[in-house]
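Residue strings, one per chain:
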Amino acid sequence: MKFFSCAGLFSFTSEGGLEVTVCTEEPLLSASQLSNGNLLSVTLEAAYSAPEAFAPSGPLQNYMACLQVPAAGEKEVPLLFKNGILKPAGEKEPLPRPKKWPLANVMAPGALSIPNSFIVGGPYEDEDGELNKREDREFRIQAESTKRIVWDMERRCYLDPAAVAILQKRIAECRYWPVEVCRMPVASPSKGKTSKADKGDEDKQIFFHGVAYVNMVPLLCPGVKQIRGAFRVFTYQDSEVFEKTKSQHSVFRDLRSQLSLTKEGSWTPGISTPLSRAVPSKSQKEDKEKITKEKDSNRKTSSVPKIQLSDATVEAENVTYLSLDGQQYVEAGTFLVMEIKLDKALVPKRSREELTGRVKQMIPPRPPLPPRTAGAKKAVEGYHSHVTSIAVAILSEYHELFGKRLPDRGAIDHQTLEEQKRQLNFELNSSGKYFAFKEQLKYAVVKIVREKYLKTTAFETQEQFQAFLSELYVYLVDQMHVALNQLLSEEAASPAPLSRTTREQLWLFAREAEVNKDYKLASLYHQQRVAQDQRNIQCWLDYGAFCLLLEETTKAQECFQQALSLDPHHIQSLLLCGVGAVSLQHYEEAELFFEDACCLEPSNIVAWTLSGLFYELQNNNIQAEMAFREAKKLLQAQLAKERSIPEAAEGKKHISAVCVSSPSPGPEECLPERVADGSADKVPEAVEPALACAAPEEEATAPEAAPKAPASVSGVSRPPCTIFMKAVEFLMKVNAIQFVHMALAHELLSPPGGPSCAYYLALAQTSLLKEDFSKCEECLCEAVRIDYVNPNVWAQKGHLCYLKRDFGEAKECYERTISFVEDAADMHFVYLRLGSIYLEEKEYGRAKQTYLLACKNSASCLTWLGVGIACYRLDEMAEAEDALSEANALNNTNAEVWAYLALICLQGGRQLEAEQCYKYVVKLGLRNAALLRELRAAQQRFGFGDPAF
C-alpha cells in the first residue's frame with residue numbers, strides 16, 4: 001500500500017518498515033540562482049593519528065572542527081562539524097563509505113547517510129594537501145589503522161554571486177584557510193548548570209585547541225572544482241594563525257558562549273543560525289591536572305607559602321596549558337583528511353575545442369602551393385619542344401630532297417654527307433625556312449635567359465656580355481643534345497638519380513656545421529632537409545631550433561608555426577610556438593599555445609612545467625604553482641610505475657645493499673650497472689669521493705641507513721629526476737636558452753641534496769654556447785665532483801679544453817669518455833675532435849681507428865675525410881682514395897677532400913684527374929693554407945697537376 005501527498009511519498013516494505021521520500025513542488029533555488037551562484041560542500045572525513053591523551057573511556061567528549069566561509073558583507077559564516085567518533089586502533093575505515101548529514105538525535109539506521117554520496121579515497125599522490133609524497137605513504141597507511149576521530153560528515157551551502165566574488169578575493173589575498181579542531185566535554189543536563197564563578201573560569205579555556213592550514217589556491221586555477229587531501233594539525237597560536245591566514249579571531253573563542261554540548265539535545269547549527277554554547281565539565285580539569293603533573297614531575301617540591309594569583313597570572317597559566325595540550329597534535333602527527341568541493345569552477349577553463357579553434361585561427365592550415373605555370377623548368381621544357389619540332393621539320397626537308405631510303409648497310413661516306421649538308425643549307429636559306437626556325441627558337445631562348453639566368457637588364461661591360469654569351473651558348477647546345485637524344489632514342493630517358501643523402505644525414509651534416517660554427521653551411525643543410533619533404537614536421541622544428549641558436553627569433557617562430565600548421569595537435573610544435581611567442585613578447589599567444597598543449601596531452605610533464613615557467617614569468621603565481629604541482633604529480637606516478645617493474649626493483653635493492661654494507665665504498669662498489677668495472681681504476685686518490693648510495697627518495701623509505709653516509713658525500717648513481725631537469729633536457733635540444741635558465745633556477749632550489757650533476761652539466765653547456773669558458777669550467781668541476789664516472793661530463797670537459805686549444809687536456813678527457821661502456825650523448829663529436837688531435841700529433845694509426853669508429857656510428861663527409869687523411873699519411877693510397885671517394889659522395893663541395901684526392905692522383909701519376917681535382921680545390925676556395933702549400937709543392941715536384949704549368 002502506498003500513500004501520496006504533496007510533501008512526500010510513503011511506502012511500506014515487506015519487512016514491515018516504512019520508507020519516506022520527501023519532495024517539494026518547486027526547487028529550493030531558482031534556475032537563475034543556480035546559474036549565477038555556486039554550491040559549496042565541505043566534507044570532513046577523519047583526523048588520523050590522534051593524540052595519546054584521547055581515550056575512549058572516561059567522560060563523554062565532543063570532538064569538533066570548524067572553518068569559516070566568506071559571505072556577502074563582512075560577516076563570515078562558520079561551518080561546524082560536531083560529534084566526531086573516537087575509534088581505537090584497529091582496522092581501517094572501509095572504502096567506499098557513505099557521507100553523513102550533519103544531524104543529531106536521528107535513531108533510524110542509515111537515515112544520516114546521504115544518498116549517492118560516498119567517500120571513495122584515492123592514491124595519496126593525487127591529493128592536493130600535505131603528506132602526499134612517496135616517503136609519506138608508509139606513515140599514512142599506519143596512521144589509518146591507529147587511533148582516529150571519524151566524522152564522515154558533509155556540509156553544504158549556497159553561495160550567491162556576491163559571496164562567490166568574496167570567496168575568490170579572500171583566496172587571492174590569503175591562500176591558507178584555518179580549520180580549527182578541539183575537544184570539549186559533553187555535560188549532562190543535571191551538571192549543565194554551574195555557578196557564575198565556575199562558568200567564568202571554565203569559559204576561558206578551549207581544550208586541545210589545534211588548527212590545520214588548508215591551501216585554497218588550487219580553487220583559483222582554471223577548471224578546478226575541488227581539493228581533497230591531508231592537512232597537518234598544529235597548535236593554535238594567535239600570532240602564527242594571523243601570519244598565515246590573516247585571521248584575527250578564533251572561531252571557537254568567539255562562539256564559546258553559543259556552544260551547547262549537553263549530552264541530550266546536542267544541536268547542529270545551520271549556515272545562518274547562531275552557534276550554541278559549550279559548557280565545560282570537570283573532565284577538562286582532570287586532563288589539565290594530569291598534564292601539569294607530568295610536566296612538573298622533575299621539579300623539586302618545597303614548602304612554599306601559597307600566593308594568591310592574579311587574573312593575569314591565571315590567564316598566562318591557561319595559555320601555557322593550552323599550548324601544552326595543543327602541542328600533542330604535533331607530537332602525535334595528527335592530520336585531517338577533508339574535501340572542499342564547488343559545483344562550478346571559480347575560474348572557468350577553456351574547452352579543448354575552443355583552444356584548438358583559436359590556434360587554427362592564428363595559424364591556418366596552409367595547403368601546398370600549386371605548381372608554377374612559368375619558371376626555369378618550363379622555359380627549358382619549352383626550348384626542348386621547339387628544338388624537337390624544328391628537328392622534325394628539318395628531317396622532313398631532308399627526306400624530300402634525298403628520300404628515306406638509305407644505301408646498303410645504312411652507311412654513307414663523309415663526302416656524300418658534306419654534299420647533302422650543303423644542299424640542305426642552301427634549300428633552307430633560299431626558301432626562308434632557316435630564318436623561320438631561328439625566329440621560332442628566339443622566343444624560347446629569351447625565356448631561358450629571363451627565367452633561368454634572371455637576366456633582364458643590360459650588361460655593364462662588353463666583357464660581361466661576352467662571358468654570358470659563351471656560358472649561354474654552351475648551355476643551349478647541351479640542352480639541344482638532350483632534346484635530340486630524347487627524340488632519336490628508342491628507350492625512354494632514364495630518370496634523374498635520387499639523392500644519396502637522407503634527412504638523417506643532412507641533419508648530421510647540419511649539426512657538424514653548427515659545432516664548427518659554419519652557420520651558413522648549416523643553414524643550407526637545414527634548407528635542403530625542408531626542401532626534400534616540406535610536409536615533415538621534424539625538419540621544420542629542427543630548422544626553427546637552429547634559428548633560435550642564431551637568435552633569429554622571428555624566423556624560428558615561422559618555422560614552428562609551419563610545423564604546427566601541418567598538425568595542429570602536435571604537442572612539441574605547440575610548446576615551441578609558445579617558447580617562440582615568449583621570446584617575441586607575444587604573451588597572449590604564448591598562453592594559448594601552452595594551455596592548448598596541456599589540454600591536448602594532460603599527461604605531458606614537460607608541457608605542464610613549461611606552462612608553470614611561463615605563468616611565473618607573468619607573475620601569475622597561482623597558475624604557476626598549479627602547473628608545477630600537476631607536473632610533479634605526473635612525475636611521481638611515472639617513477640612509481642618504473643619502480644613497479646620487478647627487474648628494476650631487484651637491481652636497485654642489490655645496489656643499495658652493497659652500498660649500505662660499506663661505510664665509505666670505493667667507486668667500483670656503487671657504479672651504475674652499465675659502467676665498466678675497470679673504469680673506476682682511473683679515479684685519482686686525491687679526488688676519489690665517498691659515495692652516497694641511496695637516492696634521496698630511497699633514503700626517505702630507509703631512514704636507518706641514512707646516518708651511515710656522511711653529510712658531504714656525493715654519489716655516482718644518477719640522481720632522481722625532477723620536472724625541471726626534464727624540461728631542461730627538452731629545451732637544450734631546441735636551444736631555448738631563456739627557458740633553460742628559468743628551469744635551472746628552480747632546479748637550484750628543488751632537490752634537498754643540492755644541485756645535481758645534470759644541473760651543472762646543463763649550466764656548463766649554456767656557458768659554452770656563450771663562450772664563457774671560466775663559468776663553464778667551474779660548473780664542470782662541480783659536475784665531476786658529484787659524478788666522477790659520468791661520460792657526458794668528461795665529453796663536455798673535453799669540448800671546453802678543445803675550444804681553449806688545450807689539446808693535451810682535451811685528449812685525456814676524450815680518451816676517458818670513450819673508455820666508458822656507456823656512451824656520451826655526443827660521441828660523434830668526441831670521435832671527430834679526438835681524431836683531429838691524433839692527426840695533429842701525427843698519431844695516424846690511432847686517428848684512423850678513431851675516425852672509423854665515427855664512421856661506424858654515423859658516417860659523414862668529415863668522418864671519411866679523417867679516415868682518408870690518416871690512410872694517406874700512412875701511405876695506404878688505395879684505402880685513402882676509397883675513403884675520400886665516400887666523403888666526396890656525401891659532400892662534393894668540401895675543398896679538403898678534393899685537395900687530398902689531387903695529392904693521391906699526383907702520387908699515382910694520373911695527370912688529368914689531378915688537374916680536375918685541383919680545379920675544384922681552386923673553385924671551392926681551400927682555406928687550409930698548409931695543405932694548399934703541400935699540394936703546390938707536390939705539383940712542382942711531379943711537374944704536373946696545375947693546368948697553368
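For clarity, every value in this text was computed on a predicted model and none was experimentally measured. One numbering rule holds for all chains: residues counted from 1, following each sequence as written. Totals for whole chains, interfaces and linings use every residue, but because this is a predicted model, local features are given only for residues with pLDDT of at least 70 and side-chain atom pairs only at 80 or more, for both listing and counting. The basis for the side-chain values is all heavy atoms of the structure; hydrogens and waters are excluded.

Q: I'm lost on the overall build of the protein chain in this one. Help?
A: When helices and strands are counted, the protein chain shows 36 helices and 13 strands. Any residue under 20% of the maximum accessible area for its type is buried, any over 50% is exposed, and the rest in between are partly exposed; the area is computed with a 1.4 Å probe on protein chains only. Looking at the 949 residues of the protein chain, the share that counts as buried comes to 42%. Intrachain contacts of the protein chain at a sequence separation of at least 6 include 68% that bridge at least 24 residues. Surface accessibility follows the Shrake-Rupley procedure with a 1.4 Å probe radius. Residue values consider only the protein chains on display as shielding. Taken as a whole, the protein chain presents about 51900 Å² of accessible surface, with 54% of it coming from carbon and sulfur. To qualify as a helix, a DSSP run of H or I must reach at least 4 residues; to qualify as a strand, a run of E must reach at least 2; elements of each kind are numbered from the N terminus. Only heavy atoms enter the contact rule, under which two residues are in contact if any of them lie within 4.5 Å.

Q: I keep staring at the packing of helix H9 (residues 352-362) against helix H19 (residues 587-600) and nothing clicks. Help me out?
A: Geometrically, a packed helix pair is captured by the angle between its two axes and the distance between the axes. The angle between two axes is taken between their N-to-C directions and runs from 0 to 180 degrees, where each axis is a line fitted to C-alpha atoms and a helix contributes only its stretch in contact. As a packed pair, H9 and H19 sit with axes 10 Å apart at the nearest point and diverge in direction by 135°. Looking at the two axes, H9 sits oblique to H19. Along this stretch, H9 crosses H19, giving a crossing that reads as left-handed. Facing H9, whose interface residues are Arg-352, Leu-355, Thr-356, Arg-358, Val-359 and Met-362, H19 presents Glu-589, Leu-592, Phe-593, Glu-595, Asp-596, Cys-599 and Leu-600. Polar here means any residue outside two lists: the nonpolar Ala, Val, Leu, Ile, Met, Phe, Trp, Tyr, Cys and Pro, and the charged Asp, Glu, Lys and Arg; Gly therefore counts as polar. Taken together, the residues of the contact of H9 with H19 break down into 7 nonpolar, 1 polar and 5 charged. Small angles under 35 degrees read as roughly parallel and large ones over 145 as roughly antiparallel, with 65 to 115 read as roughly perpendicular and the rest as oblique. Crossing handedness is defined as follows: a turn of the near helix away from the far one that is anticlockwise and smaller than a right angle gives a left-handed crossing, while the clockwise case is right-handed.

Q: Would you mind showing me how to read the packing of aromatic side chains here?
A: Two measures describe an aromatic ring pair: the distance that separates the ring centres and the angle between the ring planes. When two rings of Phe, Tyr or Trp (its six-membered ring) have centres within 6.5 Å they constitute a pair, described as stacked for plane angles under 30 degrees, edge-to-face for angles over 60, and tilted for the intermediate range. One pass over the structure, following the stated rule, counts 20 aromatic pairs. Between Phe-459 and Phe-465, the ring centres sit 5.6 Å apart and the planes meet at 55°, which makes this aromatic pair tilted. Judged by relative accessible area, which is 27%, Phe-459 ranks as partly exposed. With a relative accessible area of 31%, Phe-465 lands in the partly exposed category. An aromatic cluster is present here, built from Phe-54, Tyr-63, Phe-208 and Tyr-329 joined pairwise through their rings. Either the NZ atom of lysine or the CZ atom of arginine qualifies as a charge over a ring when it sits within 6 Å of the ring centre and within 35 degrees of the ring normal. One residue, Lys-244, lies across the ring of Phe-234, its end atom 5.4 Å from the ring centre. The ring of Trp-794 has Arg-816 sitting right over it, with the charged end atom 4.4 Å from the ring centre.

Q: How do you make sense of the side chain of Arg-833 when you look at a structure like this?
A: In this fold, Arg-833 is placed in helix H30 (residues 827-840). A positive count includes Lys and Arg, and a negative count includes Asp and Glu. His and the chain ends are not counted in either. The salt bridge criterion pairs a side-chain nitrogen of Lys or Arg with a carboxyl oxygen of Asp or Glu, the two atoms within 4 Å. Of the side chains with opposite charge, Asp-826 comes closest to the buried, unpaired Arg-833, at an N-O distance of 6.8 Å. Within 3.5 Å is the distance limit for a polar contact, defined as a pair of N or O atoms, with the added protein rule that one can donate a hydrogen and the other accept it, and that residues adjacent in sequence qualify only through two side-chain atoms. Within polar-contact distance, the side chain of Arg-833 engages the side chain of His-799 at 3.2 Å.

Q: What's the story with empty space enclosed by the protein in this structure? I'm lost.
A: With a probe scaled to a water molecule rolled over the atoms, the places where space remains empty come into view. In this analysis the probe radius is 1.4 Å and the grid spacing 1 Å, with only protein atoms considered; a cavity is a set of points the probe fits into but cannot get out of, a pocket is an open set with protein on both sides within 12 Å along at least five of seven lines, and lining residues have an atom within 4 Å of a point. Grid points are joined across faces, edges and corners, and a volume is the space filled by probe spheres set on the points. Across all of its chains, the model carries 7 cavities of 30 Å³ or more by this definition. Along the walls of the second largest cavity sit 13 residues, with Ala-47, Ile-149, Trp-151, Val-181 and Tyr-329 positioned nearest its centre. Those elements that place two or more of their residues in the lining of the second largest cavity are strand E5 (61-70), strand E9 (148-159) and strand E10 (176-185). When residues of the lining of the second largest cavity are assigned to their parent elements, the largest contribution, 3 residues, is made by E10. Among the residues making up the lining of the second largest cavity, the classes are represented as 11 nonpolar, 1 polar and 1 charged.

Q: Looking at this structure, how should I read the pattern of salt bridges?
A: Oppositely charged side chains can pair when the atoms bearing their charge come close. A full pass over the atoms with the stated rule returns 34 salt bridges. Taking the shortest distance from any N to any O, the salt bridge between Arg-97 and Asp-152 comes out at 2.8 Å. With Arg-97 in strand E7 (residues 97-100) and Asp-152 in strand E9, the pair connects residues that are 55 residues apart, well separated along the chain. The pair formed by Arg-97 and Asp-152 is uniform in burial state, with each residue classed as buried. Ionic contacts of the salt-bridge type, sharing partners, join the residues Lys-811, Glu-815, Glu-841, Glu-843 and Arg-846 into one network.

Q: Where do I start with the side chain of His-526 in this structure?
A: Mapping His-526 onto the fold places it in helix H15 (residues 519-532). Dropping the residues within four chain positions of it, His-526 is found in contact with Ala-510, Glu-514, Asp-542, Tyr-543 and Phe-546.

Q: Is there a simple way to think about helix H25 (residues 737-749) in this case?
A: Note on helix geometry: an α-helix contains 3.6 residues per turn, so any two residues three or four positions apart are oriented the same way. A helix is expected to span 1.5 Å multiplied by its residue count minus one. Spanning 13 residues, H25 covers 19 Å between terminal C-alpha atoms, matching the ideal 18 Å at 1.5 Å per step. All of the buried residues along H25 are Phe-739, Val-740, Met-742, Ala-743, Leu-744, His-746 and Glu-747. Elements in contact with the buried residues of H25: helix H18 (571-583), H19, helix H20 (605-617), helix H21 (621-643), helix H24 (723-733) and helix H26 (757-769).

Q: Mind showing me how you'd approach the nonpolar core here?
A: Most often, soluble globular proteins keep nonpolar side chains buried together rather than apart. By convention a nonpolar core is built from buried Ala, Val, Leu, Ile, Met, Phe, Trp, Tyr and Cys residues, the set being connected through side-chain atoms within 4.5 Å. One finds Trp-151 and Leu-610 to be the most contacted residues of the largest nonpolar core, which totals 133 residues. In terms of residue count, the dominant contributor to this core is helix H16 (residues 537-549) (9 residues). Counting residues in hydrophobic clusters, the runner-up holds 57 residues, among them Leu-506, Tyr-814, Val-867 and Tyr-872.

Q: Hey, could you run me through unusual backbone geometry in this one?
A: Apart from glycine, the bulk of residues carry a negative phi angle, and the bulk of peptide bonds sit in the trans form. At the junction of Leu-95 and Pro-96, the peptide bond is cis and its omega measures out at -10° in the coordinates. Assignment of secondary structure puts Pro-96 in the loop between strand E6 (76-87) and E7. Backbone geometry places Lys-842, a non-glycine residue, at a positive phi of 65°. Structurally, Lys-842 is set in the loop between H30 and helix H31 (844-858).

Q: Please explain helix H13 (residues 462-488) as it appears in this structure.
A: Taking 1.5 Å as the rise per residue, H13 with 27 residues should run 39 Å; its terminal C-alpha atoms sit 39 Å apart, in good agreement. Looking at H13, one finds that the buried residues are Phe-468, Leu-472, Tyr-475, Leu-476, Gln-479 and Ala-483. Where the residues of H13 are buried, they touch helix H10 (376-402) and helix H12 (433-451).

Q: Which parts of the structure should I look at to understand a nonpolar patch on the surface?
A: A cluster of nonpolar residues, Val-392, Leu-487 and Leu-488, forms a patch on the protein surface that exposes about 280 Å² of accessible area. Note on placement: Leu-487 falls in helix H13. Residue classification places Leu-487 among the partly exposed residues on the basis of a relative accessible area of 35%. Patch rule: a residue counts if its relative accessible area is over 30% and it has no salt bridge; like charges are joined within 9 Å, and nonpolar side chains (Val, Leu, Ile, Met, Phe, Trp, Tyr) within 5 Å.

Q: What's the story with the state of the cysteines in this structure? I'm lost.
A: One covalent bond between the sulfur atoms of two cysteine residues makes up a disulfide. By convention in this document, the label disulfide applies to cysteine sulfur atom pairs within 2.5 Å. According to the stated counting rule, one finds 0 disulfides in the structure shown. In this model Cys-182 remains outside any disulfide bridge; the closest cysteine sulfur is found in Cys-66, 8.9 Å from its own. Overall, the relative accessible area of 2% leaves Cys-182 in the buried class.

Q: Explanation requested: the environment of Leu-39 in the structure shown.
A: Summarising the element assignment, Leu-39 is placed in strand E4 (residues 38-48). By relative accessible area, which is 35% here, Leu-39 ends up partly exposed. For the pair formed by Leu-39 and Lys-344, sequence separation is 305 residues and the distance between their alpha carbons is 7.5 Å. In this structure Leu-39 touches Leu-29, Leu-34, Cys-157, Tyr-158, Lys-341, Leu-342 and Asp-343, once residues within four positions along its chain are discounted.

Q: Explain the packing of H24 against H25 to me, please; I cannot follow it from the model alone.
A: Close contact between H24 and H25 brings their axes to 9 Å; oriented N to C, the two are set at 160°. With respect to their mutual orientation, H24 and H25 come out roughly antiparallel. The two elements H24 and H25 meet at a crossing, and its hand is left-handed. When H24 is examined against H25, the residues Phe-724, Met-725, Val-728, Leu-731 and Met-732 are found in contact with a partner set consisting of Phe-739, Val-740, Ala-743, Leu-744, His-746 and Glu-747. The residue inventory of the contact of H24 with H25, partitioned by class, reads 9 nonpolar, 1 polar and 1 charged.

Q: Help me understand the environment of Ser-117 in this model?
A: Mapped onto the elements of the fold, Ser-117 is located in strand E8 (residues 113-119). Put simply, Ser-117 and Lys-100 are 17 residues apart on the chain and 8.6 Å apart in space, counted from C-alpha to C-alpha. Beyond its immediate stretch of four places on either side in the chain, Ser-117 contacts Pro-98, Lys-99, Glu-154 and Arg-156.

Q: Looking at this structure, how should I read the confidence of the model for the protein chain?
A: Note: predicted coordinates in regions of low pLDDT should not be interpreted at a detailed level. The pLDDT value tells you how sure the predictor is about a given residue, anywhere from 0 up to 100. Residue-level pLDDT values for the protein chain average 78, and 77% of them are 70 or greater. pLDDT under 50 marks residues 191-202. Its contacts with residues more than four places away, or in other chains, come to 6 contacts. With pLDDT under 50 throughout, residues 261-288 is counted as low confidence; its partners more than four residues away or in other chains account for 87 contacts.

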